Amino acid sequence: EPEVTQTPSHQVTQMGQEVILRCVPISNHLYFYWYRQILGQKVEFLVSFYNNEISEKSEIFDDQFSVERPDGSNFTLKIRSTKLEDSAMYFCASSDPQPQHFGDGTRLSIL
Amino acid sequence: DAKTTQPPSMDCAEGRAANLPCNHSTISGNEYVYWYRQIHSQGPQYIIHGLKNNETNEMASLIITEDRKSSTLILPHATLRDTAVYYCIVIRDSGTYKYIFGTGTRLKVLA
């Protein structure tokens, strides 16, 4: 069964550094999403992406965040200048249009 | 999107049916009920969804009341591997609609 894959599984970064989280969505899906989950808390929506543009974003998704689909297969989340509070699991999802299928996430640790 | 209410936790004996309830009293006519689960810190896994008829697949059954204000996810023969947090989400079945995750029900299957 096709699946969403995310790399790396764990990323450790110094505060203030840029980080890029990568996702390969399911190949025929057209809708893409990023969510995050701070340890012990709910899964929170960050952003949705369709037709090469952002469809919706949450308050969390401020100017430090950006998304890109650079080559038709990858979908990336960039955090420009990481903060301690960005430490979380980041999940990518894709759909056509529903249900959304999630990857197993990237654990981002900010030191 | 409609808000959902679920019990915070449930236990179930291995081999018995697990019945997980969800209230969604403000659901509107074009909204579907989706169920996901999250095992440890893995990505949410899609289980099943429905509009108003009962649904069954290889993982579970979904019973939706006639007034659609509540539903029950049934795992017919729970195993230890079904121990997870189960989320009920209500959403329109088209377009880029963000999922709003609640705290879900933590199901523990007991040997």
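Residues numbered from 1 in each chain as written. Chains lettered and ligands numbered in written order. Predicted model: local features only at pLDDT ≥ 70, side-chain atom pairs only at ≥ 80, totals over all residues. Heavy atoms only, no water.

Regarding the interface of chain A and chain B
Put simply, the rule is: For this analysis, residues touch if any pair of their heavy atoms sits within 4.5 Å. Summed over both partners, the accessible area (1.4 Å probe) lost when two parts come together is defined as the buried area. Any carboxyl oxygen of Asp or Glu within 4 Å of a side-chain nitrogen of Lys or Arg constitutes a salt bridge here. Polar contacts, as counted here, are pairs of nitrogen or oxygen atoms within 3.5 Å of one another; within protein the pair requires one atom able to donate a hydrogen and one able to accept it, and residues that are adjacent in sequence qualify only if both atoms are side-chain atoms. Helix numbers and strand numbers start at the N terminus; a helix is a DSSP run of H or I with at least 4 residues, a strand a run of E with at least 2.
With 21 residues of chain A in contact, the opposing surface of chain B contributes 21 residues. Between chain A and chain B the total buried area reaches about 1,700 Å² when both faces are included, carbon and sulfur atoms providing 58% of it. Looking only at chain A, the three residues that lose the most surface to chain B are V43, Q98 and F102 of chain A, adding up to 29% of its buried area. For the interface between chain A and chain B, the tally reads 1 salt bridge. Between K98 of chain B and E56 of chain A there is a salt bridge; the shortest N-O distance is 3.0 Å. Our count for the contact surface shared by chain A and chain B stands at 8 residue pairs in polar contact (both at pLDDT 80 or more). Among the elements of the structure, β4 (31-37), β5 (43-50), β6 (53-57) and β9 (88-95) of chain A are those that each provide at least two residues to the side of chain A that touches chain B.

Considering the pattern of salt bridges
Residues and elements named next belong to chain B. Rules: The buried label applies to any residue whose accessible area, calculated with a 1.4 Å probe on protein chains only, is under 20% of its type's maximum; exposed applies above 50%, and partly exposed to all values in between.
Considering all chains together, one arrives at 3 salt bridges over all chains under this definition. With a shortest N-O distance of 2.8 Å, D82 and R37 are connected by a salt bridge. Here the residue D82 occupies a position in the loop between β7 (70-75) and β8 (84-92), and R37 occupies one in strand β3 (residues 31-38), the gap between them amounting to 45 residues. For the pair D82 and R37, a shared accessibility class is recorded, and that class is buried.

Observations regarding the packing of aromatic side chains
Counted only if it meets this: Centres within 6.5 Å are what make two rings of Phe, Tyr or Trp a pair, Trp counting through its six-membered ring; a difference in plane orientation under 30 degrees is then read as stacked, over 60 as edge-to-face, and the rest as tilted.
All told, the structure shown has 18 aromatic pairs over all chains when counted by the stated rule. Seen from their ring centres, F32 of chain A and F75 of chain A are 5.4 Å apart, and the 40° between their planes marks the pair as tilted. Here the residue F32 of chain A occupies a position in strand β4, and F75 of chain A occupies one in strand β8 (residues 75-79), the gap between them amounting to 43 residues. Connected via pairs of aromatic rings, a cluster forms that spans Y33, Y35, F45 and F102 of chain A together with Y34, Y36, Y46, Y87, Y99 and F101 of chain B.

Some points on the sheet that holds strand β2 (residues 18-23) of chain B
All names here are of chain B. Under the convention used in this document: Any two strands with at least two DSSP bridges between them are considered paired.
Sheet architecture is open: 4 strands sit in the order β2-β7-β6-β5, paired in antiparallel fashion. Only two strands of the sheet have a single neighbouring strand rather than two, namely β2 and β5 (55-56). With 4 bridges connecting them, strand β6 (residues 61-64) and β7 associate as antiparallel partners. In the strand pairing of β7, I64 is matched with S71.

Describing the state of the cysteines
Here is the rule: Two cysteine sulfurs form what is called a disulfide whenever their separation falls within 2.5 Å.
On inspection of all chains with the given rule, the structure shows 2 disulfides over all chains. The residue that forms a disulfide with C23 of chain A is C92 of chain A, at a sulfur-sulfur distance of 2.0 Å. Across the S-S bond of C23 of chain A and C92 of chain A the torsion is about -65°, and the bridge reads as left-handed. Placement of the pair is C23 of chain A in strand β3 (residues 19-24) and C92 of chain A in strand β9, with a sequence separation of 69 residues. Judged on exposure class, the residue C23 of chain A and its partner C92 of chain A are both buried. Covalent S-S linkage joins C22 of chain B and C88 of chain B, the inter-sulfur distance amounting to 2.1 Å. Across the S-S bond of C22 of chain B and C88 of chain B the torsion is about -80°, and the bridge reads as left-handed. On the criterion of sequence distance, the pair formed by C22 of chain B in strand β2 and C88 of chain B in strand β8 is long-range, its members being 66 residues apart. The same class applies to C22 of chain B and to C88 of chain B, which are both buried. Not engaged in a disulfide, the cysteine C12 of chain B finds its nearest cysteine sulfur in C22 of chain B; these two sulfurs lie 18 Å apart.

Treat this as a map of the structure, not an account of what it does.
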